[in-house]
Amino acid sequence: MRSTGSPRAGQAGRAGRYVVAAAALALAAACGSGGGTASGGGAPAPGHGGFTPPKLEALKSLGPGEGQVNLVAWAGYAEDGTNDPKVDWVTPFEKATGCQVNTKVAGTSDEMVNLMKTGQYDAVSASGDASLRLIASGTVAPVNTALVPNYADVFDGLKNKPWNSVNGVSYGVPHGRGANLLMWRTDTVKPAPDSWSVVFDPNSPYKGKVTAYDSPIYIADAAVYLMATKPELGIKNPYALDDKQFQAAVDLLKQQKQIVGEYWSDYTKEIQAFKGGDSVVGTTWQVIVNVAQGEKAPVEAVLPKEGATGWSDTWMVAAKAAHPNCAYRWLDWIISPKANAQVAEYFGEAPANTKACAQTADPKHCDTYHATDEAYYSKVFYWTTPIAQCLDGRTDVTCKDYSEWTRAWTEIKG
Amino acid sequence: MSAQAAEAAGFRRGLAAFLHRRPWVRLSLLLSAPLLWLGVAYLGALAALFVTAFWTTDTFTGELVRTFTWANFRDLLTGEVYRTITLRSVGVALAVTVIDLAIAFPVAFAMAKVASPRSRRWLVIAVLTPLWASYLVKAYAWRVMLSSGGLLGWGFGLTATVLTLAYLWLPYMILPIYAGLERLPDSLLEAAGDLGARAGRVFRTVVWPLAFPAVIAGSIFTFSLSLGDYIAVKIVGGKSQLIGNVVYDNIGAANNLPFAAAVATVPVVIMLVYLAAVRRTGALENL
């Protein structure tokens, strides 16, 4: 947020010199707010063997709690009942452990990385496009999973994955996973879309009311669409794009810009845009759909037939955590069957704990979100940080790294 | 009086005499705190910004690489997109300034010359009132009004951004002009009238030249505030972006502080050019 300074208008004195006016322009800084999530899937790990993380020790044994813990989280990951009194798994944690939870909600993975680098936070719910950057820069330490009893019940399909482990060393505990969906307003968008073409077609009837995620990682969404519509480009992994493939994705997004009404990264802004009808179709998260429907907006969402980007999130502990014991207790709490079921249902994702499926309010939740369906998640490409060394294993070309994605994103928005 | 107190009093008197004899010591003591602030906190920060602009970051870990390079400025100058964004930002800042001037001048004139002294005080308060509300609340209020289901329903975009910024910075234009016009003696207007000048001519030859420095002061505020803004455009700008957004995205998203610093020098340079141009008009000397 930003605060503007109030002007102090000096009265022109009687004898006075001219002057006046002006103002102490304390243009204070602004801090972005917002929340969100993201990331996805079946992508092979970046930097697998591509880098050596700094040598850091995991916690050896658990001591008494420090009384508080500072978290960086996606919106909806650490609910304490302020958004909805019925949605609260933070207060029971505080009661059980005596650790007061302070949550900072971040809107993009990039924001998460920057927040963690300040050193003021103990744990983070990092997506795959943040986790490796955090590991490589030594911002997070390995996690001693023996100190997290509930880790034993986590789906094997989520353990020791390239986005949460390096060389067999675990850097966090899996939180859950899901896909970025296509949302539309049921009263204006007919028939119900089942393809991303509705947001990429230059002749879309919804011109000016299309919305897209405001982050360089959104280039991967265009790449996923190109995988299905332009197989001749040979894209195998939307996070491993060589010059030609990258250019095709950028061109597609520049063309998309003509029909975009606005880009969003603050999830409340998207909810408001869909409620007011400024946006009628575009990319979203399940939690946004849930909140918008709760506020009586006529919206639906679907996983389009081309597949989608998505996320597989990991709770990580800062290397310089001031409250490591409370952080470990939080890690154990958030993947405990009950809390993991609650967060998975509220956010709209598949839980990480196998026992969580028995605890959800909707008995079919795990089926709906395909918690055990690896085939489903093969269509979901978890957010991953693009690096120069191609993630799909090609060695004859270099791929575009994230800084180039960022520049291209500025260029796409013009 | 105890010996100690006498000693203290003597010391104070000695110090006072010393300072009295050496005016430059007095002056430098007086100015050292504000100069330190200006030099370290303000110019120092600018210098740090400028130095950072010549570094790069490691793209994967995000760590700063402290080796000198022109790469950031080269990218900035050769990238067509940055030129477009710069021109757009300057355009927005100019439009906001012109709109604010057009609205503020009559308002300030009415406040300074037409209103009774009693209502004048209330008008100043009325102009200041919007500044008591948070920037974000006002920007979001415009978002609600401009949204397609809203009161105005004009939709988002650059026009919406200009409108919102013009609203936000209007007090910063009214106050300097009001102060300037208040200093303008009524007798000058009466004299012009007695000599047969019509309203238009009085304005052109008397009011405008005397109020010009105040107008410039106001325009510096509205222009520089608009040039650096990136929040209003995020809220009501639809898909458009300004210089501020490029800086923000490079810090917030890309974690590329050096490039952000290079981009941030653009508005600094624009403001320097603007101030130099203003100086040539002589407006600053009358300020």
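The shown structure was predicted, so the numbers you read here are calculated from the model rather than taken from an experiment. (Residues numbered from 1 in each chain as written. Chains lettered and ligands numbered in written order. Predicted model: local features only at pLDDT ≥ 70, side-chain atom pairs only at ≥ 80, totals over all residues. Heavy atoms only, no water.)

Draft legend 1. The arrangement of the overall build of chain A in detail. Broken down by element type, chain A carries 13 helices and 15 strands. For chain A, the residues scored as buried account for 61% of the 414 residues in total. Partitioning the contacts of chain A with sequence separation of at least 6, the portion at a separation of at least 24 is 76%. Accessible area of chain A: about 15300 Å², with a carbon and sulfur share of 51%. (Helix = DSSP H or I, 4+ residues; strand = E, 2+ residues; numbered from the N terminus. Buried < 20%, exposed > 50% of the residue type's maximum accessible area, 1.4 Å probe, protein only. Contact = heavy atoms within 4.5 Å. Areas by Shrake-Rupley, 256 points an atom, 1.4 Å probe, with all protein chains shown as cover.)

Draft legend 2. Structural context of unusual backbone geometry. All names here are of chain A. With an omega of -5 degrees, the peptide bond running from Lys190 to Pro191 counts as cis. Mapped onto the fold, Pro191 is located in the loop between β8 (181-185) and α4 (197-200). Phi is positive for Asn167, close to 50 degrees, though the residue is something other than glycine. Relative to the elements of secondary structure, Asn167 occurs in the loop between β5 (165-166) and β6 (169-170).

Draft legend 3. Summary view of the pattern of salt bridges. Going through the model one piece at a time under the given rule, you end up with 18 salt bridges over all chains. The partner of Asp187 of chain A in a salt bridge is Arg185 of chain A, and the shortest N-O contact between them spans 2.9 Å. Across the pair Glu411 of chain A and Lys254 of chain A runs a salt bridge, and its minimum N-O distance is 3.6 Å. Remark: Lys254 of chain A occurs in helix α6 (residues 243-257) and Glu411 of chain A occurs in helix α13 (residues 402-413); sequence separation between them is 157 residues. Its relative accessible area of 30% is what places Lys254 of chain A among the partly exposed residues. Beyond isolated ion pairs, a larger network of salt bridges with shared partners links Asp214 and Lys413 of chain A together with Lys234 and Asp249 of chain B. (Salt bridge = Lys/Arg side-chain N within 4 Å of Asp/Glu carboxyl O.)

Draft legend 4. Structural view of the sheet that holds strand β12 (residues 299-302) of chain A. Residue and element names in this part refer to chain A. Overall, mixed pairing links the 5 strands, which are arranged β10-β9-β11-β8-β12 in an open sheet. Of all strands in the sheet, those with a lone pairing partner are β10 (260-264) and β12, marking the two edges. Between one strand axis and the next, the sheet turns by 25 degrees as a mean value, whatever way the strands run. In this sheet, β10 lies alongside strand β9 (residues 210-213) in parallel orientation, the contact comprising 4 bridges. In the strand pairing of β10, Val210 is matched with Val260. Sitting on the sheet, helix α7 (residues 267-276) is in contact with β8, β9, β10, β11 (281-284) and β12, with an inclination near 35 degrees to β8. (Pairing = 2+ DSSP bridges. Axes fitted to C-alpha atoms, helices over the stretch in contact; angles between N-to-C directions.)

Draft legend 5. Spotlight on the confidence of the model for chain A. Residue and element names in this part refer to chain A. When pLDDT is averaged along chain A, the result is 83; 88% of the residues meet or exceed 70. Mean pLDDT values for the elements of chain A range from 80 in helix α12 (residues 374-377) up to 95 in α6. The low-confidence segment residues 1-49 (pLDDT under 50) makes 154 contacts with residues lying over four places distant or belonging to another chain. (pLDDT = per-residue confidence, 0-100.)

Draft legend 6. Highlighting empty space enclosed by the protein. All names here are of chain B. This structure, assessed with the given rule, holds 4 cavities of 30 Å³ or more. In this model, the second largest cavity occupies a volume close to 40 Å³. Elements with a minimum of two residues in the lining of the second largest cavity: α4 (80-114), α11 (243-252) and α12 (257-281). Take the lining of the second largest cavity: its biggest share by element is 3 residues, from α4. Taken together, the residues that form the lining of the second largest cavity break down as 7 nonpolar, 1 polar and no charged. (1 Å grid on protein atoms, 1.4 Å probe; cavity = no way out; pocket = protein on both sides within 12 Å on 5 of 7 lines; lining within 4 Å. Points joined across faces, edges and corners; volume = space filled by probe spheres on them. Nonpolar A, V, L, I, M, F, W, Y, C, P; charged D, E, K, R; others polar.)

Draft legend 7. Structural detail: the state of the cysteines. Residues and elements named next belong to chain A. Applying the stated criterion across every chain yields a total of 3 disulfides over all chains. At a sulfur-sulfur separation of 1.9 Å, the disulfide partner of Cys357 is Cys366. The sign of the -90 degrees torsion about the S-S bond sets the Cys357-Cys366 disulfide as left-handed. The class of Cys357 is partly exposed, set by a relative accessible area of 21%. (Disulfide = S-S within 2.5 Å.)

Draft legend 8. Highlighting a nonpolar patch on the surface. Residue and element names in this part refer to chain B. A contiguous nonpolar surface patch, about 1200 Å² in accessible area, is contributed by Leu27, Leu30, Leu31, Leu35, Trp37, Leu38, Tyr42, Leu43, Leu46, Val268, Leu272 and Leu275. Only α2 (23-52) and α12 provide two or more residues apiece to the nonpolar patch. Turning to its location among the elements, Tyr42 is positioned in helix α2. (Patch = residues over 30% accessible without salt bridge, like charges linked within 9 Å, V, L, I, M, F, W, Y side chains within 5 Å.)

Draft legend 9. Broad picture of the domain arrangement of chain B. Residues and elements named next belong to chain B. Per the domain assignment, the segments making up chain B are domain 1 (3-52) and domain 2 (71-286). Just the C-alpha atoms count here: the centres of domain 1 and domain 2 sit 37 Å apart. Listed per partner, the contact involves 4 residues of domain 1 and 7 residues of domain 2. Of the roughly 410 Å² buried between domain 1 and domain 2 on both sides combined, carbon and sulfur atoms contribute 87%. When the buried area of domain 1 at its contact with domain 2 is split by residue, Leu49, Phe50 and Thr52 rank highest and sum to 90% of it. Taken together, the connections running from domain 1 to domain 2 amount to 0 salt bridges. (Domains from an automatic or database assignment. Buried area = accessible area lost by both parts, 1.4 Å probe.)

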